[in-house]
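# Examination of the molecular architecture
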Amino acid sequence: LNGIQSIDQVNDEFYRQLNPRLTGDSASIASTLLMQSIKAGTNIEIDNTIKQRLKSKLTNHPNHILIFDDLERCEAPLEELLGFLNKLVEHNSAKVILIANEDELRKRPEPNNYSAIKEKLIGVTLELETSPIEVIKGAASSTSQNLNELLLRSISSVVEIFEKSEYRNLRH
């Protein structure tokens, strides 16, 4: 959801990922040609409402598990986004998994009732805790042998510095 600014963009991305063959360059050209042919041959105006109905039919896949990452980075209004996700659960029988930094969600400047909305809409919350030692070992294993050995030899010092920094994000 990083950078998404509206529910329409969420729907478009959802549609694109569910129907990759219908959203490529060839499909876009074919769609334009088809719409122009229909308009020319019948004088029927294909408006956005019809397009949206067609798109909604192609994105209505009940009983799917949908994963939405970076909820806190979504620029769409939080209440609107959570209402949209709730609709997917209640009306489309979808299972939704949200991945978010709740501290950042609570800091959003818009009228923010995330805690109240969460209480009503989110069934289970899991907190992810990472082990700095395991992360460093994993990162070290994908480096050169010399760097890997250096990181493993100094792992206790690296972890100590990380813990003293009071950052919870290992990317800092």
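A brief report on the enclosed structure follows. The structure presented is a predicted model; accordingly, all values stated were derived computationally and were not measured. Every residue gets a number counted from 1 within its own chain, in the order that chain's sequence is written. Given that the model is predicted, a residue must reach a pLDDT of at least 70 before its local features are reported, and side-chain atom pairs must reach 80 or more before they are shown or counted; all residues, however, enter totals for whole chains, interfaces and linings. Calculation of side-chain values draws on the structure's entire complement of heavy atoms; hydrogens and water are dropped beforehand.

### Things to note about the overall build of the protein chain
Strands are runs of DSSP state E lasting at least two residues, helices are runs of H or I lasting at least four, and both sets are numbered from the N terminus onward. The number of helices and strands found in the protein chain is nine helices and two strands. Shown N-terminal to C-terminal, the secondary structure of the protein chain runs as helices and strands in the order α-α-α-β-α-β-α-α-α-α-α. For the protein chain, buried positions account for 23% of its 172 residues. A fraction of 67% describes how many contacts in the protein chain between residues 6 or more apart in sequence connect residues 24 or more apart. Per-residue accessibility, obtained with a 1.4 Å probe over protein chains only, is compared with the maximum for each type, and a residue is labelled buried under 20%, exposed over 50%, and partly exposed between these values. Any two residues whose heavy atoms approach within 4.5 Å at even a single point are treated as in contact.

### Examining the layout of surface pockets
Put simply, the largest pocket is a space of about 1,800 Å³. A100, N101, E102, L126 and L128 are the residues nearest the centre of the largest pocket, which is lined by 44 residues in total. Elements with a contribution of two residues or more to the lining of the largest pocket: α4 (78-92), β2 (95-99), α5 (102-106), α6 (114-121), α7 (132-141) and α9 (155-165). Classification convention: Asp, Glu, Lys, Arg as charged; Ala, Val, Leu, Ile, Met, Phe, Trp, Tyr, Cys, Pro as nonpolar; all other residues, Gly among them, as polar. Taken together, the residues of the lining of the largest pocket sort by class into 21 nonpolar, six polar and 17 charged. Computed over the protein atoms alone on a 1 Å grid, cavities are sets of points where a 1.4 Å probe fits but cannot get out and pockets are open sets with protein on both sides within 12 Å along at least five of seven lines; a residue lines them when it has an atom within 4 Å of a point. Grid points are joined across faces, edges and corners, and a volume is the space filled by probe spheres set on the points.

### Some remarks on the nonpolar core
Within this scheme, the nonpolar core is defined by two criteria: the residues are buried Ala, Val, Leu, Ile, Met, Phe, Trp, Tyr or Cys, and they are joined through side-chain atoms within 4.5 Å. Ranked by size, the top nonpolar core spans 20 residues in total, and within it L1, V10, F68, L81, L82, L85 and L88 carry the most contacts. Listed by contribution, the elements that provide at least two residues to this core are α1 (7-18), β1 (65-69), α4 and α6. If one sorts the elements of this core by residue count, α4 sits on top with six residues.

### Points about α4
The end-to-end C-alpha distance of α4 is 20 Å, a good match for the 21 Å that 15 residues give at a rise of 1.5 Å each. Within α4 the residues assigned to the buried category are L78, L81, L82, F84, L85, L88 and N92. For α4, the buried positions fall inside an angular range of 155° around the axis, keeping them on one side. With respect to the buried face of α4, the exposed residues turned more than 90 degrees away are K87, E90 and H91. Positive phi appears at S93, one or two residues downstream of α4, with a value of about 55°. Given the number of residues in a helix, its expected span is that number minus one, multiplied by 1.5 Å. Relevant arc is that of directions from the helix axis to the C-beta atoms, nothing else.

### Re the packing of α4 against α6
Lines fitted to the C-alpha atoms define the axes, with helices restricted to the stretch that makes contact. Angles between their N-to-C directions range from 0 to 180 degrees. For the pair α4 and α6, the least separation of the axes is 11 Å and the interaxial angle reads 5°. When the interaxial angle is binned, α4 and α6 end up roughly parallel. Counting all contacts with α4, which are made through L78, E79, L82 and N86, the residues of α6 involved are Y114, I117 and L121. Oblique is the label for any angle not covered by the other classes, which are roughly parallel (under 35 degrees), roughly antiparallel (over 145) and roughly perpendicular (65 to 115).

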